[in-house]
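Chain by chain, the residues:
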Amino acid sequence: MQEENLPDVIDGLDGRNFGKAVCIITGASKGFGRCLAKEIASLVKPGSVFVLVARSGEKLRELQVELAASPAGKAGLITRCVVADLGVKNDVENVVREIRATASNSDINQLLLINNAASLGDISRFARSFTDLHEVNAYLSLNVSSALCLTAGVLEAFPRRQDLRRCVVNVSSLCAVQPFPSWVLYCTGKAARDMTFNVLAKEEPDIRVLNYAPGPLDTDMQVAARTISGDAGLKETCVNMHAKGQLLTCEESCSKLIKVLLKDEYQSGTHFDFYDI
(Lines give C-alpha, C1' and ligand atoms only; values in the text may rest on other atoms or scores of the structure.)
Protein backbone atom coordinates (compact mmCIF):
# COMPACT_ATOMS: atom_id res chain seq x y z
CA MET A 1 0.00 0.00 0.00
CA GLN A 2 1.65 3.21 -1.13
CA GLU A 3 1.00 6.37 0.85
CA GLU A 4 -1.18 7.81 -1.91
CA ASN A 5 -3.47 4.78 -1.60
CA LEU A 6 -4.11 5.28 2.10
CA PRO A 7 -7.49 7.05 1.52
CA ASP A 8 -8.77 3.69 0.23
CA VAL A 9 -8.43 2.35 3.76
CA ILE A 10 -10.25 5.32 5.22
CA ASP A 11 -13.01 5.38 2.62
CA GLY A 12 -13.66 1.69 3.09
CA LEU A 13 -14.16 2.18 6.82
CA ASP A 14 -16.39 5.25 6.83
CA GLY A 15 -13.57 7.60 7.74
CA ARG A 16 -12.69 5.80 10.98
CA ASN A 17 -9.31 6.53 12.54
CA PHE A 18 -7.38 5.96 15.75
CA GLY A 19 -8.29 9.29 17.31
CA LYS A 20 -5.83 11.17 19.52
CA ALA A 21 -3.52 8.33 20.34
CA VAL A 22 -0.40 7.18 22.05
CA CYS A 23 1.07 4.59 19.70
CA ILE A 24 4.03 2.45 20.75
CA ILE A 25 5.77 0.31 18.13
CA THR A 26 8.73 -1.93 18.85
CA GLY A 27 11.04 -2.96 16.05
CA ALA A 28 10.08 0.29 14.34
CA SER A 29 13.29 1.05 12.46
CA LYS A 30 12.73 -1.19 9.44
CA GLY A 31 10.42 -3.63 7.71
CA PHE A 32 6.92 -4.18 9.03
CA GLY A 33 7.36 -1.94 12.09
CA ARG A 34 8.55 1.01 10.03
CA CYS A 35 5.69 0.55 7.60
CA LEU A 36 3.16 0.49 10.44
CA ALA A 37 4.53 3.72 11.89
CA LYS A 38 4.20 5.53 8.56
CA GLU A 39 0.69 4.29 7.83
CA ILE A 40 -0.79 4.67 11.31
CA ALA A 41 0.60 8.22 11.46
CA SER A 42 -1.87 9.10 8.70
CA LEU A 43 -4.76 7.81 10.81
CA VAL A 44 -4.29 9.66 14.10
CA LYS A 45 -5.44 13.10 15.16
CA PRO A 46 -3.13 16.07 15.80
CA GLY A 47 -1.36 15.94 19.15
CA SER A 48 -0.97 12.18 19.05
CA VAL A 49 2.30 10.72 20.34
CA PHE A 50 4.37 7.97 18.77
CA VAL A 51 6.97 6.11 20.82
CA LEU A 52 9.19 4.22 18.39
CA VAL A 53 11.56 1.59 19.74
CA ALA A 54 14.44 -0.19 18.01
CA ARG A 55 18.11 -1.03 18.36
CA SER A 56 19.20 1.19 15.46
CA GLY A 57 19.25 4.82 16.52
CA GLU A 58 20.24 6.01 13.06
CA LYS A 59 17.29 4.34 11.35
CA LEU A 60 14.91 5.55 14.04
CA ARG A 61 16.06 9.13 13.55
CA GLU A 62 15.59 8.77 9.79
CA LEU A 63 12.02 7.63 10.41
CA GLN A 64 11.46 10.47 12.87
CA VAL A 65 12.54 13.00 10.25
CA GLU A 66 10.30 11.36 7.66
CA LEU A 67 7.29 11.47 9.99
CA ALA A 68 7.97 15.11 10.92
CA ALA A 69 7.86 16.06 7.24
CA SER A 70 4.62 14.16 6.63
CA PRO A 71 1.15 15.75 6.79
CA ALA A 72 0.69 14.12 10.20
CA GLY A 73 3.94 15.62 11.47
CA LYS A 74 3.04 19.06 10.17
CA ALA A 75 -0.35 18.71 11.90
CA GLY A 76 1.27 18.12 15.28
CA LEU A 77 2.25 14.47 15.59
CA ILE A 78 4.87 14.08 18.33
CA THR A 79 7.46 11.34 17.73
CA ARG A 80 9.77 10.04 20.43
CA CYS A 81 12.51 7.54 19.63
CA VAL A 82 13.97 5.11 22.14
CA VAL A 83 17.08 3.15 21.23
CA ALA A 84 16.85 -0.11 23.13
CA ASP A 85 17.81 -3.76 23.11
CA LEU A 86 14.66 -5.33 24.49
CA GLY A 87 16.60 -8.37 25.60
CA VAL A 88 18.24 -6.18 28.28
CA LYS A 89 16.34 -5.41 31.50
CA ASN A 90 17.57 -1.83 31.83
CA ASP A 91 16.59 -1.04 28.25
CA VAL A 92 13.05 -2.35 28.75
CA GLU A 93 12.77 -0.18 31.87
CA ASN A 94 14.03 2.85 29.91
CA VAL A 95 11.32 2.31 27.30
CA VAL A 96 8.65 2.11 30.01
CA ARG A 97 9.95 5.35 31.57
CA GLU A 98 9.68 7.12 28.22
CA ILE A 99 6.14 5.83 27.81
CA ARG A 100 5.18 7.00 31.30
CA ALA A 101 6.20 10.50 30.28
CA THR A 102 3.38 10.49 27.71
CA ALA A 103 0.73 9.29 30.16
CA SER A 104 0.08 12.75 31.63
CA ASN A 105 -1.72 13.77 28.45
CA SER A 106 -5.27 13.38 29.72
CA ASP A 107 -7.03 13.98 26.41
CA ILE A 108 -5.53 10.89 24.79
CA ASN A 109 -8.41 8.56 23.92
CA GLN A 110 -6.53 5.64 22.34
CA LEU A 111 -3.58 3.54 23.47
CA LEU A 112 -2.12 1.33 20.75
CA LEU A 113 0.80 -0.94 21.61
CA ILE A 114 2.29 -3.02 18.79
CA ASN A 115 4.76 -5.65 19.95
CA ASN A 116 6.63 -6.16 16.69
CA ALA A 117 10.27 -6.58 17.72
CA ALA A 118 11.53 -10.13 17.26
CA SER A 119 14.49 -12.15 16.03
CA LEU A 120 14.75 -15.42 14.12
CA GLY A 121 17.41 -16.97 16.28
CA ASP A 122 19.74 -19.58 14.82
CA ILE A 123 17.68 -21.34 12.13
CA SER A 124 20.62 -23.32 10.78
CA ARG A 125 20.40 -25.89 13.60
CA PHE A 126 17.95 -28.45 14.92
CA ALA A 127 16.40 -28.73 18.36
CA ARG A 128 18.82 -31.44 19.52
CA SER A 129 21.77 -29.01 19.23
CA PHE A 130 20.48 -26.37 21.66
CA THR A 131 22.33 -27.48 24.80
CA ASP A 132 23.43 -23.98 25.89
CA LEU A 133 20.92 -22.68 28.46
CA HIS A 134 22.29 -19.15 28.22
CA GLU A 135 21.72 -19.06 24.45
CA VAL A 136 18.11 -20.21 24.77
CA ASN A 137 17.37 -17.91 27.70
CA ALA A 138 18.82 -14.93 25.85
CA TYR A 139 16.57 -15.65 22.88
CA LEU A 140 13.47 -16.00 25.03
CA SER A 141 14.32 -12.87 26.98
CA LEU A 142 14.24 -10.77 23.81
CA ASN A 143 11.34 -12.51 22.10
CA VAL A 144 9.00 -13.45 24.95
CA SER A 145 9.89 -11.97 28.34
CA SER A 146 10.41 -8.44 27.06
CA ALA A 147 7.03 -8.40 25.29
CA LEU A 148 5.26 -9.39 28.51
CA CYS A 149 7.20 -6.97 30.72
CA LEU A 150 6.86 -4.06 28.29
CA THR A 151 3.13 -4.67 27.88
CA ALA A 152 2.65 -4.85 31.65
CA GLY A 153 4.57 -1.61 32.08
CA VAL A 154 2.54 0.16 29.40
CA LEU A 155 -0.78 -0.97 30.89
CA GLU A 156 0.38 0.16 34.32
CA ALA A 157 1.20 3.59 32.88
CA PHE A 158 -2.20 3.74 31.16
CA PRO A 159 -4.70 2.17 33.60
CA ARG A 160 -8.31 1.55 32.73
CA ARG A 161 -10.19 4.79 32.11
CA GLN A 162 -13.71 5.23 30.81
CA ASP A 163 -12.72 7.41 27.88
CA LEU A 164 -9.54 5.49 26.96
CA ARG A 165 -9.58 2.64 24.47
CA ARG A 166 -6.62 0.29 24.93
CA CYS A 167 -5.43 -2.07 22.21
CA VAL A 168 -2.45 -4.44 22.24
CA VAL A 169 -1.19 -6.13 19.07
CA ASN A 170 1.27 -9.00 19.03
CA VAL A 171 2.91 -9.48 15.65
CA SER A 172 2.71 -13.24 15.42
CA SER A 173 3.50 -15.81 12.73
CA LEU A 174 2.33 -19.04 11.17
CA CYS A 175 5.20 -20.45 13.25
CA ALA A 176 3.10 -19.84 16.37
CA VAL A 177 0.72 -22.60 15.30
CA GLN A 178 2.80 -24.82 12.98
CA PRO A 179 6.21 -26.41 13.62
CA PHE A 180 8.98 -25.49 11.19
CA PRO A 181 12.02 -27.83 11.28
CA SER A 182 15.25 -26.01 12.29
CA TRP A 183 13.24 -23.03 13.51
CA VAL A 184 12.78 -24.28 17.07
CA LEU A 185 13.64 -20.99 18.78
CA TYR A 186 11.44 -18.90 16.51
CA CYS A 187 8.47 -21.27 16.68
CA THR A 188 8.76 -21.56 20.46
CA GLY A 189 8.97 -17.80 20.91
CA LYS A 190 6.01 -17.08 18.66
CA ALA A 191 3.83 -19.77 20.27
CA ALA A 192 4.67 -18.49 23.74
CA ARG A 193 3.88 -14.92 22.76
CA ASP A 194 0.51 -15.92 21.30
CA MET A 195 -0.42 -17.61 24.56
CA THR A 196 0.83 -14.64 26.58
CA PHE A 197 -1.58 -12.35 24.80
CA ASN A 198 -4.37 -14.91 24.84
CA VAL A 199 -4.11 -14.91 28.62
CA LEU A 200 -4.07 -11.11 28.70
CA ALA A 201 -7.30 -11.05 26.69
CA LYS A 202 -8.96 -13.39 29.20
CA GLU A 203 -7.72 -11.45 32.21
CA GLU A 204 -8.49 -7.96 30.85
CA PRO A 205 -11.74 -8.05 28.86
CA ASP A 206 -11.73 -4.26 28.44
CA ILE A 207 -8.45 -4.41 26.48
CA ARG A 208 -8.60 -5.29 22.79
CA VAL A 209 -5.90 -7.89 22.07
CA LEU A 210 -4.91 -9.26 18.67
CA ASN A 211 -2.31 -11.81 17.59
CA TYR A 212 -1.69 -10.90 13.94
CA ALA A 213 0.40 -13.12 11.63
CA PRO A 214 1.43 -10.82 8.75
CA GLY A 215 2.18 -13.58 6.25
CA PRO A 216 5.46 -14.20 4.38
CA LEU A 217 6.91 -10.71 4.07
CA ASP A 218 9.63 -9.72 1.63
CA THR A 219 12.09 -8.64 4.33
CA ASP A 220 15.56 -9.48 5.65
CA MET A 221 13.99 -12.33 7.62
CA GLN A 222 12.93 -14.03 4.40
CA VAL A 223 16.42 -13.61 2.97
CA ALA A 224 17.74 -15.50 5.99
CA ALA A 225 15.01 -18.12 5.65
CA ARG A 226 15.99 -19.04 2.09
CA THR A 227 19.74 -18.93 2.66
CA ILE A 228 20.54 -20.40 6.07
CA SER A 229 17.56 -22.55 7.12
CA GLY A 230 18.92 -25.88 8.33
CA ASP A 231 16.01 -27.86 6.92
CA ALA A 232 16.51 -28.38 3.18
CA GLY A 233 12.80 -28.72 2.41
CA LEU A 234 11.92 -25.52 4.24
CA LYS A 235 14.76 -23.67 2.53
CA GLU A 236 13.54 -24.85 -0.87
CA THR A 237 9.99 -23.71 -0.08
CA CYS A 238 11.24 -20.24 0.83
CA VAL A 239 13.39 -20.05 -2.31
CA ASN A 240 10.43 -21.04 -4.49
CA MET A 241 8.09 -18.53 -2.86
CA HIS A 242 10.57 -15.76 -3.60
CA ALA A 243 11.15 -16.93 -7.18
CA LYS A 244 7.43 -17.12 -7.90
CA GLY A 245 6.70 -13.67 -6.43
CA GLN A 246 4.58 -15.09 -3.62
CA LEU A 247 6.03 -12.92 -0.85
CA LEU A 248 3.96 -10.04 0.48
CA THR A 249 5.08 -6.46 0.74
CA CYS A 250 4.99 -4.90 4.18
CA GLU A 251 2.50 -2.39 2.80
CA GLU A 252 0.04 -5.12 1.78
CA SER A 253 0.06 -6.73 5.19
CA CYS A 254 0.07 -3.43 7.04
CA SER A 255 -3.06 -2.38 5.17
CA LYS A 256 -4.82 -5.59 6.22
CA LEU A 257 -3.90 -5.13 9.89
CA ILE A 258 -5.08 -1.53 9.92
CA LYS A 259 -8.43 -2.51 8.44
CA VAL A 260 -8.89 -5.23 11.09
CA LEU A 261 -8.07 -2.81 13.89
CA LEU A 262 -10.34 -0.05 12.62
CA LYS A 263 -13.27 -2.39 11.94
CA ASP A 264 -12.78 -3.78 15.46
CA GLU A 265 -14.88 -6.91 14.92
CA TYR A 266 -12.33 -9.55 15.94
CA GLN A 267 -12.56 -11.67 19.08
CA SER A 268 -10.05 -10.34 21.57
CA GLY A 269 -7.03 -12.64 21.90
CA THR A 270 -7.60 -14.39 18.59
CA HIS A 271 -4.86 -15.37 16.14
CA PHE A 272 -5.47 -13.82 12.72
CA ASP A 273 -3.34 -14.66 9.72
CA PHE A 274 -3.10 -12.37 6.68
CA TYR A 275 -4.73 -15.10 4.58
CA ASP A 276 -7.58 -15.65 7.05
CA ILE A 277 -9.03 -12.21 6.60
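Everything numeric here is computed off the predicted structure, so don't read it as measured data. (Residues numbered from 1 in each chain as written. Predicted model: local features only at pLDDT ≥ 70, side-chain atom pairs only at ≥ 80, totals over all residues. Heavy atoms only, no water.)

Looking now at the overall build of the protein chain. Each helix and strand counted, the protein chain has 10 helices and seven strands in total. Relative to the 2.2 N^0.38 estimate, which gives 19 Å for 277 residues, the radius of gyration of the protein chain is 18 Å and therefore close to what a compact globule would have. For the protein chain, the spread of C-alpha atoms along the principal axes amounts to about 55 × 40 × 40 Å. Put simply, the protein chain has 277 residues, and 49% of those count as buried. Within the protein chain, counting contacts between residues at least 6 apart in sequence, those at least 24 apart form 79% of the total. Only carbon and sulfur atoms are counted for the fraction: they give 52% of the accessible area of the protein chain, which is about 12,800 Å². (Helix = DSSP H or I, 4+ residues; strand = E, 2+ residues; numbered from the N terminus. Rg over C-alpha atoms; globule rule 2.2 N^0.38 Å. Buried < 20%, exposed > 50% of the residue type's maximum accessible area, 1.4 Å probe, protein only. Contact = heavy atoms within 4.5 Å. Areas by Shrake-Rupley, 256 points an atom, 1.4 Å probe, with all protein chains shown as cover.)

Tallied over the full model, the rule gives one cavity of 30 Å³ or more. In this model, the largest cavity occupies a volume close to 50 Å³. In terms of lining residues, the largest cavity is bounded by Thr 26, Leu 86, Asn 115, Asn 116, Ala 117, Leu 142, Ser 146, Ala 147, Leu 150 and Arg 193. Ranked by the residues each element gives to the lining of the largest cavity, the list is headed by helix α6 (residues 133-157), at four residues. Its residues assigned to classes, the lining of the largest cavity comprises five nonpolar, four polar and one charged. (1 Å grid on protein atoms, 1.4 Å probe; cavity = no way out; pocket = protein on both sides within 12 Å on 5 of 7 lines; lining within 4 Å. Points joined across faces, edges and corners; volume = space filled by probe spheres on them. Nonpolar A, V, L, I, M, F, W, Y, C, P; charged D, E, K, R; others polar.)

Within the largest apolar cluster, 39 residues are counted, with the highest numbers of intra-cluster contacts made by Phe 18, Phe 32, Ile 40, Phe 50, Leu 52, Leu 112 and Leu 261. Within the residue set of this core, elements represented by two or more residues are β1 (21-26), α2 (31-41), β2 (49-54), α3 (57-69), β4 (110-115), β5 (165-171), β6 (208-213) and α10 (250-263). For this core, the leading source of residues is α10, giving seven residues. When neighbours within four sequence positions are excluded, Leu 52 is seen to be in contact with Ile 25, Ala 28, Ala 37, Leu 60, Leu 63, Leu 67, Thr 79, Arg 80, Cys 81 and Val 82. Counting residues in hydrophobic clusters, the runner-up holds 30 residues, among them Val 49, Val 51, Ala 84 and Val 209. (Core = buried A, V, L, I, M, F, W, Y, C linked by side-chain atoms within 4.5 Å.)

Turning our attention to the sheet that holds strand β3 (residues 78-83). As summarised here, the arrangement of the seven strands in space is β3-β2-β1-β4-β5-β6-β7, forming an open sheet in which the pairing is parallel. At either margin of the open sheet sits one strand with a lone partner, and together these are β3 and β7 (271-273). Each adjacent strand pair in this sheet contributes to an overall mean axis angle of 15°, direction not counted. Together, β2 and β3 form the strand contacts of α3, whose direction differs from that of β3 by roughly 175°. (Pairing = 2+ DSSP bridges. Axes fitted to C-alpha atoms, helices over the stretch in contact; angles between N-to-C directions.)

Moving on to the packing of aromatic side chains. What the rule picks out here adds up to four aromatic pairs. Ring centres 5.6 Å apart and planes at 45° place the aromatic pair Phe 180 and Trp 183 in the tilted group. For the pair formed by Phe 180 and Trp 183, the shared burial category is buried. Centroid distance Phe 274 to Tyr 275: 5.1 Å. Interplanar angle 85°. Geometry classified as edge-to-face. Its end group placed over the ring of Phe 130, Arg 125 keeps NZ or CZ at 4.1 Å from the ring centre. For Lys 256, the ring lying beneath its charged end belongs to Phe 274, and the centroid distance is 3.8 Å. (Phe/Tyr/Trp six-rings, centres within 6.5 Å; stacked < 30°, edge-to-face > 60°. Lys NZ or Arg CZ within 6 Å of the ring centre and 35° of its normal.)

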